[in-house]
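Listed here are the chains, written in short residue letters.
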Amino acid sequence: LQLLHFCLFLGIYLAALVGNGLIITTIAWDHHLHTPMYFFLLNLSLLDMGSISTTVPKSMDNSLWDTRDISYTGCVAQVFFLFFLFSAEYSLLTIMSYDRYVAICKPLHYGTLLGSRACVHMAAAAWGAGFLNALLHTANTFSLPLCQGNAVDQFFCEIPPILRLSCSDSYLKEVWLLVFGASVDFVCFVFIVVSYVQIFRVVLRIPSEQGRHKAFSTCLPHLAVGLLFLTTVMFAYLKAPSFSFPSMNLVLSVLYSVLTPALNPLIYSWRNQQLKDAV
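Predicted model, so just to flag it, every value in this text is computed and none were measured.

(A) How the structure looks around helix α1 (residues 2-29). Compared with an ideal rise of 1.5 Å per residue, which puts 28 residues at 40 Å, α1 spans 40 Å between its outermost C-alpha atoms and is within 8% of the ideal. Regarding α1, the residues found buried are Phe6, Phe9, Ile12, Tyr13, Ala16, Gly19, Asn20, Gly21, Ile23, Ile24, Thr26 and Ile27.

(B) Region of interest: the environment of Gln154. Within the secondary structure, Gln154 is located in the loop between α5 (116-141) and α6 (159-163). The exposure class of Gln154 is buried, given its relative accessible area of 13%. Residues Gln154 and Leu250, 96 residues apart in the sequence, show an inter-C-alpha distance of 6.9 Å. Gln154 has contacts with Pro161, Asn249, Leu250 and Ser253, leaving out every residue within four places of it along the chain.

(C) Region of interest: a nonpolar patch on the surface. Where nonpolar side chains cluster on the molecular surface, the patch consists of Leu172, Trp176, Val179 and Leu238 and spans about 380 Å² of accessible area. Residue contributions to the nonpolar patch peak at 3 residues, all from helix α7 (residues 171-203). As for its placement among the helices and strands, Leu238 is situated in helix α8 (residues 209-238).

(D) Structural detail: the state of the cysteines. Inspection of every chain in the model, using the stated rule, returns 2 disulfides. Here Cys75 engages in a disulfide with Cys157; their sulfurs sit 2.1 Å apart. Taking the torsion about the sulfur-sulfur bond, which here is approximately -115°, the covalent link between Cys75 and Cys157 counts as left-handed. One end of the pair, Cys75, is in helix α3 (residues 72-105); the other, Cys157, is in the loop between α5 and α6, with 82 residues separating them in the sequence. The exposure class assigned to Cys75 is buried, which follows from its relative accessible area of 8%. According to the relative accessible area criterion, Cys157 is buried, its value standing at 2%. The disulfide bridge from Cys147 ends at Cys167, spanning 2.1 Å between sulfur atoms. A residue pair is termed long-range when its members are at least 10 positions apart, and Cys147 in the loop between α5 and α6 and Cys167 in the loop between α6 and α7 qualify at 20 residues. Looking at the protein, its bonded cysteines, counted consecutively from the start of the sequence, adopt the pairing 1-3, 2-4. Cys188 carries a free sulfur, and the closest cysteine sulfur to it, the one in Cys119, is 18 Å from it.

(E) Up close: the environment of Asn150. If you trace the backbone, Asn150 turns up in the loop between α5 and α6. Accessibility expressed as a relative area gives 73% for Asn150, which makes it exposed.

(F) Highlighting the UniProt feature "transmembrane region" (unreviewed entry) in the protein. Feature annotation in UniProt places "transmembrane region" (unreviewed entry) on residues 6-29, 76-98, 118-136, 175-197, 218-238 and 250-270, given in this structure's numbering. As annotated, residues 76-98 has a helix share of 100% and a strand share of 0%, and its two end C-alpha atoms lie 33 Å apart. Between the end C-alpha atoms of residues 175-197 the distance is 33 Å, and the span holds 100% helix and 0% strand.

(G) A look at the layout of surface pockets. Taken as a whole, the largest pocket spans an internal volume of roughly 960 Å³. In this structure, the largest pocket is lined by 34 residues; those nearest its centre are Arg68, Val152, Gln154, Phe155 and Phe156. Ranked by the residues each element gives to the lining of the largest pocket, the list is headed by α1, at 5 residues. In terms of residue class, the lining of the largest pocket is built from 18 nonpolar, 12 polar and 4 charged.

(H) Quick peek at the packing of α1 against helix α2 (residues 36-64). The contact between α1 and α2 brings their axes to 9 Å, and the two run at 160°. Of the possible angle classes, the one that applies to α1 and α2 is roughly antiparallel. The crossing of α1 and α2 is left-handed. Here the residues of the contact of α1 with α2 are counted per class, giving 21 nonpolar, 8 polar and 1 charged.

Parameters at a glance
Residues numbered from 1 in each chain as written. Predicted model: local features only at pLDDT ≥ 70, side-chain atom pairs only at ≥ 80, totals over all residues. Heavy atoms only, no water. Helix = DSSP H or I, 4+ residues; strand = E, 2+ residues; numbered from the N terminus. Expected span 1.5 Å × (residues − 1). Buried < 20%, exposed > 50% of the residue type's maximum accessible area, 1.4 Å probe, protein only. Contact = heavy atoms within 4.5 Å. Patch = residues over 30% accessible without salt bridge, like charges linked within 9 Å, V, L, I, M, F, W, Y side chains within 5 Å. Areas by Shrake-Rupley, 256 points an atom, 1.4 Å probe, with all protein chains shown as cover. Salt bridge = Lys/Arg side-chain N within 4 Å of Asp/Glu carboxyl O. Disulfide = S-S within 2.5 Å. UniProt positions renumbered as here; feature names shortened; annotations may be inferred. 1 Å grid on protein atoms, 1.4 Å probe; cavity = no way out; pocket = protein on both sides within 12 Å on 5 of 7 lines; lining within 4 Å. Points joined across faces, edges and corners; volume = space filled by probe spheres on them. Nonpolar A, V, L, I, M, F, W, Y, C, P; charged D, E, K, R; others polar. Axes fitted to C-alpha atoms, helices over the stretch in contact; angles between N-to-C directions. Parallel < 35°, antiparallel > 145°, perpendicular 65-115°, else oblique. Left-handed = near helix turned anticlockwise from the far one by under 90°.

Dropping the structure here:
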């Protein structure tokens with residue numbers, strides 16, 4: 001079973017690296033793809049490569065060498081980089097929904113609202129917000145006294161299992177921070193949904209069936225990725241302890257930390273003829 005786990009994760013990891021690496025290389029080298037949408041997609045691929053590289057290699061190493069150990073420093077690093085990359089990714093998905101809204105609903109203002117400088121500023125804001133969010137949560141979590149053993153019930157270090165090791169009521173402060181962060185993410189999700197509702201209203205008025213098909217094939221994957229990512233992360237982090245089962249925790253964590261970064265290249269390029277031609 002450990003060997004099967006290693007081979008499965010190795011296959012997913014290589015697929016994620018190859019897929020995201022191909023997108024990054026193609027967008028960087030093809031000047032026809034130097035547009036806001038592909039600039040944000042390049043950033044998303046960078047974040048996906050980083051997030052899957054934070055968890056999967058260590059998990060494969062543990063499976064291969066029959067160990068479950070991780071150093072304290074390694075655990076801190078995993079928590080920090082996961083929060084950093086996940087927060088930045090969700091901010092970027094919100095920005096990408098705004099990009100699609102402007103492109104379809106306000107095409108005459110696209111060059112003004114999403115110029116090169118504005119795109120760089122928005123991407124930098126997403127990365128910066130992720131960094132500050134990760135710094136806050138990591139510092140707060142690892143300042144708690146941990147006295148309930150040292151076994152994290154997960155294949156990587158994340159905050160909910162670590163909070164269960166705390167012997168102080170101070171952990172409630174981190175819980176409220178997580179609830180506040182989830183509320184902000186929910187607001188972002190509402191913004192994404194509202195953006196796509198406006199987009200679909202415009203798309204349905206397009207007389208050309210080919211035009212409608214192209215718009216839907218571009219927008220629906222974005223919405224699906226955002227929905228999958230938010231629902232799995234929020235359920236994993238905010239569910240009650242009584243609903244915490246090892247098998248369910250494993251499935252949820254694999255969905256948002258392993259499968260999402262691996263599937264993003266397929267989702268964003270499968271129906272994108274321009275990107276396929278460039279590849």
